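Close look at the chain arrangement
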Amino acid sequence: MVQLNDNYLKLKAGYLFPEIGRRVKAFCDANPQAAVIRCGIGDVTEPLPAAVRDAMHKAVDEMGCRDTFRGYGPEQGHEFLRHAIAQNDYRDRGMEIADDEIFVSDGSKCDCGNILDILGHKNRLGITDPVYPVYVDTNVMAGHTGDSDENGAYAGIHYLPCDASNGFVPAVPSEKLDVVYLCFPNNPTGATATREQLAAWVEYARANRTLILFDAAYEAYISDPAVPHSIYEIPGARECAIEFRSFSKNGGFTGTRCAFTVVPKNLLAATATGEMLPLHPLWNRRMSTKFNGVSYIVQRGAEALYSAEGKAQIRALIELYMGNAAILRAAAQDAGLPVFGGVNAPYIWVGTPDGLSSWDMFDRMLTQAHVVITPGSGFGSHGEGYFRISAFNSRANAEEVARRIRAL
Ligand code: MLT
């Protein structure tokens, strides 16, 4: 008899964003006249930059000509894109990352989940709370946890609480952990980690042979020159960290799909018998077995983000979204709410008023202000009492949301 993966049955009701989508649809169906503005999921709203579109048009034409047509590409990504990434994002900024340490993919969400393929099943996991739910759910699916308790916390995960008292940046624990997920600038809190805080994590990881899975999907939103953009800015991080990056939030690729993972060749992990071996060949093997690469057209589009025009167009997009963030932050502050993030990140993390729960605040915002936010408790029990506003929107919508927050 065929058996299913019982681990899926441990998952809580539904993935956060589909659940929000379900509730919003029910409200909109019942109230078709409501002008609902979505500040929930962090999905970009502005069109693809012109440099990307031009490069993609050209690539489409190449695909239409026998001499320049391409079939299967390298599973790890085309050389031209791996080189552009390693050069611009790393070597030009003083970090030693080789082209073949870059693996191009169709998204950081996928990479964060897929990376578990090359890790063992007995690792002690450290995961921040609140957190991007993918890190938790993929470990549940892989059978790395027990059941969840009444607060939604899974047995087998060491939660690293993040709240206002630690600036939403977890201190290194006294326990030995084998795999730790860090995300900075943070989704959902919008917090950033200082160089010293990341250095403490790298020191901890090297001392304990811990692997840091560093999600830097929002690094382009950092404006403070003192804040690191990459874990590899910290000496020693090549020996203990994998980094995930994405073109979704800087180049507007949420619907186009392109991202990458950096796996340094000197990053080692233990076999069952304790021998230390590099992870790079395993990830290479995983990608070439289970993935056929991102489309050539999309990779040419991503490459164009590194041209002078592409860089300027990214800057303009980020200025727009961060201008929205400033408008939304100010509105939440004027409403007398505790406000965090939204300075080096496109997410504003806001305390709920009057002791409301996160989901009650979600309902109040939806039914009274016709604004979709994300309930903080959807990111973990320490997110209870908060909600997240996404700054990904048009300027007109951000201004309208600010007006509605002040009026609420
Ligand atoms: C979010 O809203 O947290 C993000 O859009 C989710 C994602 O990038 O997958």
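Reading the values: the criteria
- Residues numbered from 1 in each chain as written.
- Predicted model: local features only at pLDDT ≥ 70, side-chain atom pairs only at ≥ 80, totals over all residues.
- Heavy atoms only, no water.
- Phe/Tyr/Trp six-rings, centres within 6.5 Å; stacked < 30°, edge-to-face > 60°.
- Helix = DSSP H or I, 4+ residues; strand = E, 2+ residues; numbered from the N terminus.
- Buried < 20%, exposed > 50% of the residue type's maximum accessible area, 1.4 Å probe, protein only.
- Lys NZ or Arg CZ within 6 Å of the ring centre and 35° of its normal.
- 1 Å grid on protein atoms, 1.4 Å probe; cavity = no way out; pocket = protein on both sides within 12 Å on 5 of 7 lines; lining within 4 Å.
- Points joined across faces, edges and corners; volume = space filled by probe spheres on them.
- Nonpolar A, V, L, I, M, F, W, Y, C, P; charged D, E, K, R; others polar.
- Expected span 1.5 Å × (residues − 1).
- Arc of directions from axis to C-beta.
- Contact = heavy atoms within 4.5 Å.

1. Details of the packing of aromatic side chains
Scanning the entire structure with this criterion turns up 19 aromatic pairs. Between the aromatic rings of Trp201 and Tyr204, the centroid separation amounts to 5.5 Å while the plane-to-plane angle is 75°, which identifies the pairing as edge-to-face. With Trp201 and Tyr204 both in helix H6 (residues 195–208) and three residues apart, the pair spans about one turn of that helix. The exposure class of Trp201 is buried, given its relative accessible area of 2%. Using a relative accessible area of 8% as the deciding quantity, one classes Tyr204 as buried. One aromatic cluster in this structure is built from Phe17, Phe168, Phe340, Trp349, Phe379 and Tyr386. Geometry around Trp359 places Arg23 over its ring, the cationic atom sitting 3.9 Å from the centre. Over the ring of Tyr347 we find Arg388; its NZ or CZ atom is 3.8 Å from the centre of that ring.

2. Topic: the layout of surface pockets
Space inside the largest pocket adds up to approximately 670 Å³. If you list the elements that add at least two residues to the lining of the largest pocket, you get H6, strand S9 (268–270) and strand S10 (276–278). Classifying every residue of the lining of the largest pocket gives 16 nonpolar, six polar and six charged. If you add up the space inside the second largest pocket, you get close to 580 Å³.

3. Describing helix H11 (residues 358–369)
Look at H11: 15 Å from first C-alpha to last across 12 residues, which is about the 16 Å you get at 1.5 Å a residue. All buried positions along H11 are accounted for by Ser358, Met361, Phe362, Met365, Leu366 and Ala369. Mapping the buried residues of H11 onto a view down its axis gives an arc of 130°, with all of them on the same face. Contact partners of the buried residues in H11: helix H1 (16–30), strand S13 (371–372), strand S14 (374–375), strand S15 (386–390) and helix H12 (395–407). His370, located one to two residues past H11, shows a positive phi value of around 60°.

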